[in-house]
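Letter by letter, the chains look like this.
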Amino acid sequence: MDAIVDSKAALGEQARKFVSETRKMLVDGKWVAAASGKTFSTLDPATGAPITEVCEGDKEDISQAVLAARRAFEDGPWPNMTPSEREHLMHRLADLIEANADELAELEALDNGKNKAIARMVDINLAIETFRYMAGWPSKISGDVLPLSTPRAPDQQFFGYTLREPVGVIGQIIPWNFPLLMCAWKLAPALACGNTIVLKPAEETPLTALRLGELICEAGFPDGVVNIVPGYGHTAGAALTAHPEVDKIAFTGSTEVGKIIAREAADSMKKVSMELGGKSPAIILPDADLDIAIPGAVSAIMFNQGQVCCAGSRLYVPDNLYDAVIEGLAENVSALKIGSGLDPENMVNPLVSETQFQRVMGYIDIGREEGASVITGGKRRGDSGYFVEPTILADTNQDMKVVQEEIFGPVLCVQRYSDVSEITRLANDTIYGLGASLWTRDVGNIMRFVPKIKAGTVWVNCHNILDVAMPFGGFKQSGYGRELGKDVLELYTQTKSVCIMA
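About the cut-offs
Residues numbered from 1 in each chain as written. Predicted model: local features only at pLDDT ≥ 70, side-chain atom pairs only at ≥ 80, totals over all residues. Heavy atoms only, no water. Helix = DSSP H or I, 4+ residues; strand = E, 2+ residues; numbered from the N terminus. Rg over C-alpha atoms; globule rule 2.2 N^0.38 Å. Buried < 20%, exposed > 50% of the residue type's maximum accessible area, 1.4 Å probe, protein only. Areas by Shrake-Rupley, 256 points an atom, 1.4 Å probe, with all protein chains shown as cover. Lys, Arg positive; Asp, Glu negative; His and termini not counted. Charge placed at Lys NZ, Arg CZ, Asp CG, Glu CD. Core = buried A, V, L, I, M, F, W, Y, C linked by side-chain atoms within 4.5 Å. Contact = heavy atoms within 4.5 Å. Expected span 1.5 Å × (residues − 1). Arc of directions from axis to C-beta. 1 Å grid on protein atoms, 1.4 Å probe; cavity = no way out; pocket = protein on both sides within 12 Å on 5 of 7 lines; lining within 4 Å. Points joined across faces, edges and corners; volume = space filled by probe spheres on them. Nonpolar A, V, L, I, M, F, W, Y, C, P; charged D, E, K, R; others polar. Pairing = 2+ DSSP bridges. Right-handed = clockwise from strand over helix to strand, strands pointing away. Salt bridge = Lys/Arg side-chain N within 4 Å of Asp/Glu carboxyl O. Polar contact = N/O pair within 3.5 Å; in protein donor to acceptor, adjacent residues only side chain to side chain. Axes fitted to C-alpha atoms, helices over the stretch in contact; angles between N-to-C directions.

### Digging into the overall build of the chain
Move 1: When you go through the chain residue by residue, the secondary structure sums to 16 helices and 22 strands.
Move 2: Since a compact globule built from 502 residues should have a radius of gyration of about 23 Å, the 24 Å found for the chain is in line with a globular shape.
Move 3: Considering only C-alpha atoms, the chain reaches an extent of 80 × 60 × 40 Å along its principal axes.
Move 4: For the chain, the residues scored as buried account for 56% of the 502 residues in total.
Move 5: When the accessible surface of the chain is summed, it comes to about 19700 Å², and 52% of that surface belongs to carbon and sulfur atoms.
Move 6: Computed over 46 positive and 65 negative side-chain charges, the separation of the two mean positions in the chain equals 4 Å.

Quick look at the structure:
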């Protein structure tokens, strides 16, 4: 592994300039320090060294941001803008993200650890497309004229219709695995529907959200429409969830934290949408093309170091193909180069933090103790940073913790099966239901198995393919509500019925 000793030296001029000073929070159109004066360090996952200081938001900062969002929602230019004016602002923001895409990709690679080239191609491009797609919706959100049949006097007439109105002030809590992209997934539909926002980025990865805030200001959004307050989950996040002036919480993160947020939000009956954890099965059927299925299964788990909520972390293989698949997996994984994400040749990069590193290594140890065979990896790579070798655990079974619990790292659990009729039972034997993939050449298998798999997305001969037009979300404890597509508009609007007596 070739480490980049000084990650900042590998940055372009604009990214280097951005991390050269303490980053403030965006409240009511102004960049301000935390009320407490506190800051925290955001760390480079490739080295563990500090990148820069970030102002640490807390209850008071959240309160100021929420009040600014409330003022912007109730008064000022934002609620009086036409749909086409909102559309113009969103297109302007998308253009600015595109113009600064290389800088954003470098900041994402530095702060999160991920591959810079993939961040540019996937994270940044999809963020641009999300804003452009959602910019088309403001002029198309409409209600219905209703054919009323209410009892009435002969000389009475009633006219009924519905309005789709914005929810109000939205609290958005962003995860650390796709920081900028998840900002786009949350912000774009909320803005398209006319809401105002207080966004809390993950404390591990606040940089691209704050740079996006600068672009939001440059695009010309009115003050207070978008507020960005970095801080910790148990302080800033908890304050945002509990604030009485917040009308809805949108959260992406772990199921454990999602349950805490749901309980807290229930006290004030806030609307809540959540995209949570997963333990997605990748199912190789007996007729699968292994030249496609094997590298596909590797990509399904190793993409973004396995730090993907819908990662294909459980692989089911028929008995007669098991040895060939294990051999092919090991060969593919061994070819992956490990190192800093700022070098685009490195396809396996550090985990986001020391906490995540210890979690993943702990699960690998549990797998060994439970009787799994470590085919590849299973160790730390290097003396600095949070690098875990891509790990394949073979001979796993449904009773193992590594099969049932979300690891969120580059760890694939491989399990054999002998009877294809058992495969949906195995796939569904989990508390999660976010994604799944089938690997087959038989359209009959697709028609047979897809309806039986309890997951929000089922891929066939691919995995982790997302598109802004395709709704994304989970079944069971993987959350509720759908991001993206037309469906996401349901999360950020509410229906008002109107009845007029003529």
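### So, the nonpolar core
Move 1: By size, the foremost hydrophobic cluster in this structure holds 102 residues, and its most contacted members are F131, L187, L191, F221, I284, L315 and L329.
Move 2: Counting residues in each nonpolar core, the second largest holds 28 residues, with Y316, V360, M361 and Y363 among its members.

### Description of the environment of A101
Move 1: With respect to the secondary-structure elements, A101 resides in helix α4 (residues 101–112).
Move 2: Residue classification places A101 among the buried residues on the basis of a relative accessible area of 1%.
Move 3: Between the C-alpha atom of A101 and that of A34, which follows or precedes it by 67 residues, the distance is 28 Å.
Move 4: Excluding its chain neighbours within four sequence positions, the residues that come into contact with A101 are R120 and I124.

### As for helix α12 (residues 354–370)
Move 1: Taking 1.5 Å as the rise per residue, α12 with 17 residues should run 24 Å; its terminal C-alpha atoms sit 24 Å apart, in good agreement.
Move 2: Within α12, burial applies to Q356, F357, V360, M361, Y363, I364 and G367. Relative to the axis of α12, the buried residues are bounded by an arc of 155° and lie together on one face. Opposite the packed face of α12, turned more than 90 degrees from it, sit the exposed residues T355 and E369.
Move 3: Where the residues of α12 are buried, they touch β15 (391–394), α13 (401–404) and β16 (411–417).
Move 4: Downstream of α12 by one or two residues, G371 has phi in the positive range, about 105°.

### Remarks on the layout of surface pockets
Move 1: In this structure, the largest pocket spans a volume of roughly 1200 Å³.
Move 2: If you trace the largest pocket, you find 49 residues lining it, with P175, W176, T252, G253 and S254 closest to the centre.
Move 3: Breaking the lining of the largest pocket down by element, the ones donating at least two residues are α5 (116–135), α6 (179–192), α8 (233–242), β10 (248–252), α9 (255–266) and α12.
Move 4: Its residues assigned to classes, the lining of the largest pocket shows 26 nonpolar, 15 polar and eight charged.
Move 5: One number sums up the size of the second largest pocket: a volume of about 260 Å³.
Move 6: At the level of elements, α3 (83–99) and β6 (158–166) are the ones that each hand at least two residues to the lining of the second largest pocket.
Move 7: It is β6 that provides the largest number of residues to the lining of the second largest pocket, a total of three residues.

### With respect to the pairing of strand β19 (residues 457–460)
Move 1: Because side chains alternate across β19, one face comprises the buried residues T457 and W459, and the other comprises V458 and V460, none of which is buried.
Move 2: Of the pairings in the sheet, the one linking strand β18 (residues 435–439) to β19 comprises four bridges and is parallel in character. In the sheet register, A436 faces β19, and the bridge partner there is V458.
Move 3: One crossover worth recording links β18 to the parallel β19 by way of helix α15 (residues 443–449), and it is right-handed.

### A closer look at the side chain of E406
Move 1: One can find E406 in the loop between α13 and β16.
Move 2: Put simply, E406 is tucked away with no salt bridge, and the nearest opposite charge, on R359, sits 5.2 Å away.
Move 3: Polar contacts involving the side chain of E406 include one to the main-chain amide nitrogen of G278, which spans 3.0 Å.
Move 4: Those residues in contact with E406 that lie beyond four places of it in its chain are G277, G278, K279, C309, R359, Y363 and Y432.

### What to know about empty space enclosed by the protein
Move 1: The tally for this structure, following the rule as stated, stands at four cavities of 30 Å³ or more.
Move 2: The computed volume of the largest cavity comes to approximately 70 Å³.
Move 3: In terms of lining residues, the largest cavity is bounded by 13 residues, among which G306, A311, S313, I407 and F408 are the most central.
Move 4: Residue composition of the lining of the largest cavity, grouped by class: seven nonpolar, four polar and two charged.

### Brief notes about helix α2 (residues 59–74)
Move 1: Here α2 is 16 residues long and its end C-alpha atoms lie 22 Å apart, about the 22 Å a rise of 1.5 Å per residue gives.
Move 2: What α2 keeps buried is the set D61, I62, S63, A65, V66, A68, A69, R70, A72 and F73.
Move 3: Looking at the buried residues of α2, the elements they touch are β1 (25–27), β6, β7 (169–173), β8 (196–200), β9 (226–228) and α8.
Move 4: Backbone geometry just after α2 places G76 at a positive phi near 75°.

### Focus: the sheet that holds strand β14 (residues 373–376)
Move 1: The sheet built from seven strands is open, its strands ordered β14-β15-β16-β13-β12-β18-β19 with mixed pairing. Unpaired on one side and paired on the other, β14 and β19 mark the two borders of the sheet. The sheet shows a mean angle of 25° between the axes of neighbouring strands, direction not considered.
Move 2: Sitting on the sheet, helix α11 (residues 322–334) is in contact with β12 (281–284), β13 (314–318), β14, β15 and β16, with an inclination near 165° to β16.

### Here we look at the side chain of H463
Move 1: With respect to the helices and strands, the residue H463 is situated in the loop between β19 and β20 (475–476).
Move 2: Look at H463 and you get buried, because its relative accessible area is 7%.
Move 3: At a separation of 3.3 Å, a polar atom in the side chain of H463 contacts the main-chain amide nitrogen of G312.
Move 4: Among the polar contacts listed, one links the side chain of H463 to the side chain of S437, at a separation of 2.8 Å.
Move 5: Contact partners of H463, with chain neighbours within four places excluded, come to S280, P281, A300, C310, A311, G312, A436, S437 and W439.

### Notes on unusual backbone geometry
Leaving glycine out, the prevailing phi sign among residues is negative, and the prevailing peptide bond configuration is trans.
Move 1: With a phi close to 65°, F408 is a non-glycine residue in the positive phi region.
Move 2: Tracing the sequence through the fold places F408 in the loop between α13 and β16.
Move 3: Judged by relative accessible area, F408 falls into the buried class, the value being 16%.

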